[in-house]
Structure formats: structure tokens, C-alpha cells
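Chain by chain, the residues run as shown.
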Amino acid sequence: MKKIYVGISGIGSYVPDKVITNFDLSKMVDTSNEWIVDRTGIEERRVVEDNIAASDIATIAAKRALEDGKTNPEDIDLIIVATVTGDHAFPSTACIVQKNLGATKAAAFDINAGCSGFVYSLDIGQRFISTGAYKKVLVIGAETLSKITDWEDRNTCVLFGDGAGACLLEETEEGLGILSSELGSKGQDGEVLIQPGGGSRHPASEDTIANKLHYIKMDGREVFKFAVRVMEKATINVIEKANLKLEELDFLVPHQANIRIIAAAEKRLNLGKDKVYINLNKYGNMSSASIPVALDEAIKAKKINKGDNVLLVAFGAGLTWASMIIKWNREEGK
Ligand code: UT7
């Protein structure tokens, strides 16, 4: 059977208008702009209004990706939404997006792989196309982390933001598109980043609310150590799988959690700042939306062009990691 190469044919993103700055946070908890910028690189983040849910912002990003990819919703075969802040436990957010778009023929499901969810979903999506099962797969990362953030916990509330990004996957020219990928998990350390309440372990109750179990709990130092280790390992593995050399990497779009984690990867991989896209100063950590929003911005800023070897690498709740190399298949016009 002829090998089917799969690439990104459309991309779009959306962040809400409402901004919360470090100065705003310093009035809410015992923190300062200096501490947040110095320890994380984050200056401000976006949050949705109370009446907005993940599917609403996912739909906006999806429409932009479809417009960019000149595709009608009725032609989509599959919608995958990566999220840890979906509208409901069920139905899936992907099914709500399917309804909003009018993507009548599409199958739809959500993926929960924490902040690695978008890269996990790209990998899943490409496999449906490379086996010949589907032609057009819409992959979305959408998060409303502000809804599960404890705004009284300075350890976590300074880190997160809301946003959504989407990519359309389709067959592309031979030798281009997704060259290699790696997905991984380390479930034994899962409790270091968790939303403990609201599921079947601790169903929502007066107690879970009183104990704030419906909010994000995190051991930041442990996640940090894990992140630095896996960013390097996952990158090296995926470069080897693609039969490339480190020097052949043209651009890195990393998960946007902490500038110090990105700087450590940049240094170990000897990449140089101009080859790495960073927007966490503006948006904080948007979990599975971080990479597609950053990729969309990098393309619009003309940082990526046809033939470039682009690396995506993420880590997150699970714990999970995911990396992917895409030989960029579109002419973006530098
Ligand atoms: O997508 C995956 C999601 N998570 C992550 O990627 C998080 C990874 N981890 C991190 O980014 C970092 O560990 C943090 C930014 C969360 C924390 O930075 P750190 O340099 O590891 O700080 P720390 O946790 O070691 O805390 C140092 C001090 C502590 O005070 P003491 O115990 O030394 O007196 C904290 O209480 O900083 C204190 N602290 C703060 N101070 C001012 C923690 N948060 C704040 C804050 N403002 N917002």
C-alpha cells in the first residue's frame, strides 16, 4: 500500500479579550509581578467570561482553521478535542463542537492527556488518515483553566490561562508533513498534578467543595523536574525516529508552561533563541491550547516555511509527554 503522508492544511486560534495582569493578581494573593516574571516568564493571561465554556472557544478556533484550510464543516470525517476543562463530563466537547460547526458526517471524541493532549490528538488524527480510514480530521486544543483555578492559591493561580487552537489534518505531498512522533506517560506520578474532585473517586459534594477538591492541585517542583527531563528525551527520540540530526531542526514550538523549562531545553538542545517560539508572557499556560496557539502565531509571524523541520514537544498531567516532527508542508510566504 502506498504510504500516505499527513500534514496540517489549515490552522486557527482564539484567545479571549479579558486580560488578568500580574499586578491584578498581586491584589488577590500574596505575590508580585517580579516573582511571577522571574520564576515563570508570565506577564499576563487571558480568561473567558463566566458564560463561556470550552466548546465556545474551540468552535471559534475551529472555524478559523477551516477557513484557512478552505474546507466545509460537512466534509470533516473526525473531530478530536484535547481538553481537561471540557463543558461537561459528558457529552464530549468534541460532540458539542460538531453540532456548532454543522459537521454532520464527523465522528467526535475528546482526549485527556493534560497539556500533552494536543500533540496526542495530532498523532491519533494522523493515524486515521495514514491508514486510509479518513481524509479530513480536525484537531482542537481548547481550555478554560480559569474555571478550575483556585484564585486564592498563589502556587497555581499565577500560571494558567484560557484559549483554543485548531488544525486541519489532510494528506500532503510525499516526504512532507508529520515525520515522526512519540507519546508517553508516567502514571505512577499522576498525583503531582491533579483536579481531585468531581470524578468517580470524589464525586461532587459539599465536602469536595469545602475542601476545594474541584480546583487544580500541583506540586510545581516535581512537575518542573519531570518536564526538563522529558522535553530533552522526547526531543532526541523523535529526531532519531525521523532520521534527522539535531542541527537539522529549524523551529521548536514547545508547551508554554515556564520560561525556565523552555530555556533548559533550548540550552540542552543548543537551539538558539530565534528558533524557539515563546508566547507564555502573554497567555500563561493554556494546557492543550498552548501549542496550537503558539504554532498559529509562529506561522502568522512568518517564522515557519515549507520544508522546515518543526518540533512540537509537550508535557503535562498524567503525567504525560508527547513530541512530533512536522516537515512543514505549506508555502507560508516568508
Ligand atoms: O503544564 C504543566 C503544568 N505545570 C507546570 O509546568 C509547572 C512546573 N513548575 C513550575 O513552573 C515551578 O515549579 C513554579 C513556577 C510552579 C514554582 O516555581 P519554583 O521556583 O519551583 O518555586 P517553589 O515552588 O520552589 O517555591 C519557592 C517559594 C516558596 O516559598 P518558600 O517555601 O521558599 O518560603 C513558595 O511558597 O516561592 C513561593 N511562591 C510564591 N511566591 C510569590 C510560590 N508561588 C508564589 C507566588 N508568588 N505566586
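Described below are features of the structure shown in this document. Remember, it's a predicted structure, so these values are computed and weren't measured experimentally.

Details of the packing of aromatic side chains
Here is step 1: Taken as a whole, this structure holds two aromatic pairs when the rule is applied.
Here is step 2: With a centroid separation of 5.2 Å and 25° between ring planes, the pair formed by Phe 128 and Tyr 134 is classed as stacked.
Here is step 3: What makes Phe 128 partly exposed here is its relative accessible area of 27%.
Here is step 4: Seen from their ring centres, Phe 226 and Trp 321 are 6.3 Å apart, and the 55° between their planes marks the pair as tilted. A residue pair is termed long-range when its members are at least 10 positions apart, and Phe 226 in helix α8 (residues 220-241) and Trp 321 in strand β13 (residues 320-327) qualify at 95 residues.

Describing the layout of surface pockets
Here is step 1: Computed from the structure, the second largest pocket encloses a volume of approximately 150 Å³.
Here is step 2: Lining the second largest pocket, in full, are Lys 18, Ile 20, Met 28, Val 47, Val 48, Glu 49, Asp 50, Ser 146, Lys 147 and Trp 151.

A few points about the environment of Leu 280
Here is step 1: Along the chain, Leu 280 turns up in helix α10 (residues 280-283).
Here is step 2: The exposure class of Leu 280 is buried, given its relative accessible area of 0%.
Here is step 3: Setting aside its immediate chain neighbours within four residues, Leu 280 contacts Thr 40, Gly 41, Ile 42, Glu 44, Gln 256, Ala 257, Asn 258, Ile 259 and Ile 262.

Describing helix α2 (residues 33-40)
Here is step 1: For α2, every residue scored as buried is listed here: Asn 33, Ile 36 and Thr 40. Relative to the axis of α2, the buried residues are bounded by an arc of 80° and lie together on one face. Counted as exposed and oriented over 90 degrees from the buried face of α2: Glu 34 and Asp 38.
Here is step 2: Those residues of α2 hidden inside the fold are in contact with α1 (22-26), β3 (44-46), α9 (259-268) and α10.
Here is step 3: With its phi angle positive at about 90°, Gly 41 sits one or two positions after the end of α2.

Focus on the site of the ligand
Here is step 1: Not every one of the 22 residues close to the ligand is listed here, only the nearest: Thr 31, Arg 39, Arg 221, Asn 258 and Asn 285.
Here is step 2: Contacts to the ligand include Arg 39, whose side-chain N or O atom sits 2.8 Å from an oxygen atom.
Here is step 3: Between the ligand and Arg 154, the relevant distance is 3.0 Å, taken from a nitrogen atom to a main-chain nitrogen or oxygen of the residue.
Here is step 4: Considered on its own, the ligand offers 950 Å² of accessible surface; in the complex 76% of this is hidden by protein.
Here is step 5: Of all the elements in the fold, those that place two or more residues in the shell around the ligand are α2, α6 (154-157) and α8.
Here is step 6: The element that contributes the greatest number of residues to the shell around the ligand is α8, accounting for four residues.
Here is step 7: Built from parts of two domains, the shell around the ligand gets at least three residues from each of domain 1 (6-176) and domain 2 (178-327).

Digging into the packing of helix α3 (residues 54-68) against helix α4 (residues 93-101)
Here is step 1: Interhelical geometry of α3 versus α4 gives an angle of 55° and a closest axis separation of 9 Å. If you check the angle between α3 and α4, you find them oblique. Like other packed secondary-structure pairs, α3 and α4 cross with a definite hand, here right-handed. Across the interface between the two elements, Ala 54, Ser 55, Ala 58, Thr 59, Ala 62, Lys 63 and Leu 66 from α3 touch Thr 93, Ile 96, Val 97, Asn 100 and Leu 101 from α4.
Here is step 2: In the contact of α3 with α4, the residues fall into seven nonpolar, four polar and one charged.

Digging into the pairing of strand β11 (residues 251-254)
Here is step 1: Here β11 shows two buried faces, one formed by Phe 251 and Val 253 and the other by Leu 252 and Pro 254.
Here is step 2: Of the pairings in the sheet, the one linking β11 to strand β12 (residues 309-316) comprises four bridges and is parallel in character. Looking across to β12, one finds that Phe 251 is bridged to Val 310.

About the cut-offs
Residues numbered from 1 in each chain as written. Predicted model: local features only at pLDDT ≥ 70, side-chain atom pairs only at ≥ 80, totals over all residues. Heavy atoms only, no water. Phe/Tyr/Trp six-rings, centres within 6.5 Å; stacked < 30°, edge-to-face > 60°. Buried < 20%, exposed > 50% of the residue type's maximum accessible area, 1.4 Å probe, protein only. Helix = DSSP H or I, 4+ residues; strand = E, 2+ residues; numbered from the N terminus. 1 Å grid on protein atoms, 1.4 Å probe; cavity = no way out; pocket = protein on both sides within 12 Å on 5 of 7 lines; lining within 4 Å. Points joined across faces, edges and corners; volume = space filled by probe spheres on them. Contact = heavy atoms within 4.5 Å. Arc of directions from axis to C-beta. Near = heavy atom within 4 Å. Polar contact = N/O pair within 3.5 Å; in protein donor to acceptor, adjacent residues only side chain to side chain. Areas by Shrake-Rupley, 256 points an atom, 1.4 Å probe, with all protein chains shown as cover. Domains from an automatic or database assignment. Axes fitted to C-alpha atoms, helices over the stretch in contact; angles between N-to-C directions. Parallel < 35°, antiparallel > 145°, perpendicular 65-115°, else oblique. Left-handed = near helix turned anticlockwise from the far one by under 90°. Nonpolar A, V, L, I, M, F, W, Y, C, P; charged D, E, K, R; others polar. Pairing = 2+ DSSP bridges.

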